[in-house]
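Observations on the model geometry
Each chain is listed here by its residues.
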Amino acid sequence: MARVRMLLDCDPGLDDAIALLIAAHLTDLVGITTVNGNVGIDHTTHNALAIAQVAQLDVPIHRGAARPYVNEPIDAAYVHGATGLGSVEVPDVTGTVVSDDAAGFIVESARSIADLELVAVGPLTNIADAVTADPDLRGRLGGFTIMGGAAVGGNTTATSEFNIWADPEAADVVFRTMAPFTMVGLDVTHQVLLGPAERDRMRAAATPASLLAADLLDYAVARAGELRGSAGAPIHDACAVLAVTHPHLFAGTDHPVEVELTGTHTRGMTVVDARPMAETDRPIHVLRDADSAAAIDVIVESVLALGSS
Ligand code: BDR
Ligand code: CA
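Attention in this report is confined to the structure presented alongside it. (Residues numbered from 1 in each chain as written. Chains lettered and ligands numbered in written order. Predicted model: local features only at pLDDT ≥ 70, side-chain atom pairs only at ≥ 80, totals over all residues. Heavy atoms only, no water.)

Let us look at the site of ligand 1. Near ligand 1, the surroundings consist of Asp 15, Asp 16, Asn 38, His 80, Val 121, Met 147, Asn 155, Glu 161, Phe 162, Asn 163, His 236 and Asp 237. Between ligand 1 and Asn 38, the relevant distance is 2.6 Å, taken from an oxygen atom to a side-chain nitrogen or oxygen of the residue. Contact between ligand 1 and Asn 163: an oxygen atom at 3.0 Å from a side-chain N or O atom of the residue. Elements represented by at least two residues in the shell around ligand 1 include exactly helix H1 (14-26), helix H7 (162-166) and helix H12 (236-245). Considering only residue class, the shell around ligand 1 consists of three nonpolar, five polar and four charged. (Near = heavy atom within 4 Å. Polar contact = N/O pair within 3.5 Å; in protein donor to acceptor, adjacent residues only side chain to side chain. Helix = DSSP H or I, 4+ residues; strand = E, 2+ residues; numbered from the N terminus. Nonpolar A, V, L, I, M, F, W, Y, C, P; charged D, E, K, R; others polar.)

Take the coordination of the calcium ion (ligand 2) next. The coordination sphere of the calcium ion (ligand 2), as far as protein atoms go, consists of Asp 11 (OD), Asp 16 (OD), Asp 16 (OD), Val 121 (O) and Asp 237 (OD), spread over 2.3 to 2.7 Å. Sequence positions of the donors to the calcium ion (ligand 2) reduce to the motif D-x4-D-x104-V-x115-D. In this pair, Asp 11 sits in the loop between strand S1 (5-10) and H1 while Asp 237 sits in helix H12, placing the two residues 226 residues apart along the sequence. The exposure class of Asp 11 is buried, given its relative accessible area of 0%. (Donors = N, O, S within 2.8 Å, 3.2 Å for Na, K, Ca; no water. Buried < 20%, exposed > 50% of the residue type's maximum accessible area, 1.4 Å probe, protein only.)

A side chain with one charge can pair with a side chain of the opposite charge if their charged atoms come near. In the structure shown here, the tally under the stated rule is 19 salt bridges. Linking Arg 176 and Glu 258 is a salt bridge whose minimum nitrogen-to-oxygen distance equals 3.9 Å. In this pair, Arg 176 is assigned in helix H8 (residues 168-177) and Glu 258 in strand S10 (residues 257-259), connecting sequence segments 82 residues apart. Judged by relative accessible area, which is 45%, Arg 176 ranks as partly exposed. Note that Arg 282 is salt-bridged to Glu 258, the shortest N-O span being 3.0 Å. With Arg 282 in the loop between strand S11 (270-272) and strand S12 (284-290) and Glu 258 in strand S10, this pair connects stretches of sequence that are 24 residues apart. Taken together, the shared-partner salt bridges connect Arg 199, Asp 200, Arg 203, Asp 215 and Asp 218 into one network. (Salt bridge = Lys/Arg side-chain N within 4 Å of Asp/Glu carboxyl O.)

Turning our attention to the packing of H1 against helix H13 (residues 292-305). Put simply, H1 and H13 touch, their axes get as near as 8 Å, and they point 70 degrees apart. As far as their axial angle goes, H13 and H1 are roughly perpendicular. Contacts from Ile 18, Ile 22, His 25 and Leu 26 in H1 reach Val 298, Ile 299, Ser 302, Val 303 and Ala 305 in H13. Residue composition of the contact of H1 with H13, by class: seven nonpolar, two polar and no charged. (Axes fitted to C-alpha atoms, helices over the stretch in contact; angles between N-to-C directions. Parallel < 35°, antiparallel > 145°, perpendicular 65-115°, else oblique. Contact = heavy atoms within 4.5 Å.)

Ile 22, Leu 29, Ile 32, Leu 194, Met 202 and Phe 250 are the most contacted members of the largest nonpolar core, which has 66 residues in total. Per element, the largest residue contribution to this core is ten residues, and it comes from H1. Those residues within four positions of Met 202 in sequence are excluded, and the remaining contacts are Leu 194, Ser 210, Leu 211, Ala 213, Ala 214, Leu 217, Val 300, Val 303 and Leu 304. Counting 35 residues, the second-largest nonpolar core is a separate cluster that includes Phe 105, Ile 106, Ala 130 and Phe 144. (Core = buried A, V, L, I, M, F, W, Y, C linked by side-chain atoms within 4.5 Å.)

Okay, structure coming up:
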């Protein structure tokens, strides 16, 4: 079967970095675009270049939006560390970005690459810019998947997940114009927790990619223990890659979804209308369940396979 051609829009980020590593193994990655999010755009772009280098990925990397549409930039350094990669040291970066026009690259790639799978695992600023530049963007893609939102609850506020909360106006543009698409939200990513056992498997393999992933996981697991009281860390963004390459590991349902922009306590919430009678001409496929054990295994095996061939 032909490998999926994927473009990954990301804000590395510990879990973005692991998503990049597994996408390098599981897909034909056609490019990486970066966005302000977990940390500022300089760090997310530097981190994408560093991860691609370790993964020996020869793909174009384009820098994107440095700030959200309306919000002041708000980061998640309390989860990912000041640089976005925890305390992990990456090699000196030798590559450089191709351009500062991530949205232009997304538009051009969708036009020139058949059946492109666009996967966005950061705030949706670049995607909103891209669909504003080309209103036919969604129709040109094979598929579109985001890590963001939740049918129930949040991780940044009581109601809101980080990627949507960081740039709700951009998310609103995307939810209005890019359906149908798959929403990989906290409902499933909180089911896929990697812990010390997975870290040890990665460390034992001792490849450059597996050692990097083990270090990333070490930091993520420690922070998850402190912040969530859990023994493992959700590797949210890797789930979005898997939802494309291994859709049978997930189950979901289609719903109307709106992004809350004005609620005093609910800004950035993805309001999923799960009433049976709810109708929409722009359905969002909201993932609800994951085969956690199988998903965790694919993530670990993909990291181990990278660089061992
Ligand atoms: C999302 O927010 C970021 O901190 C992670 O990288 C992930 O994309 C989870 O809410
Ligand atoms: Ca991310």
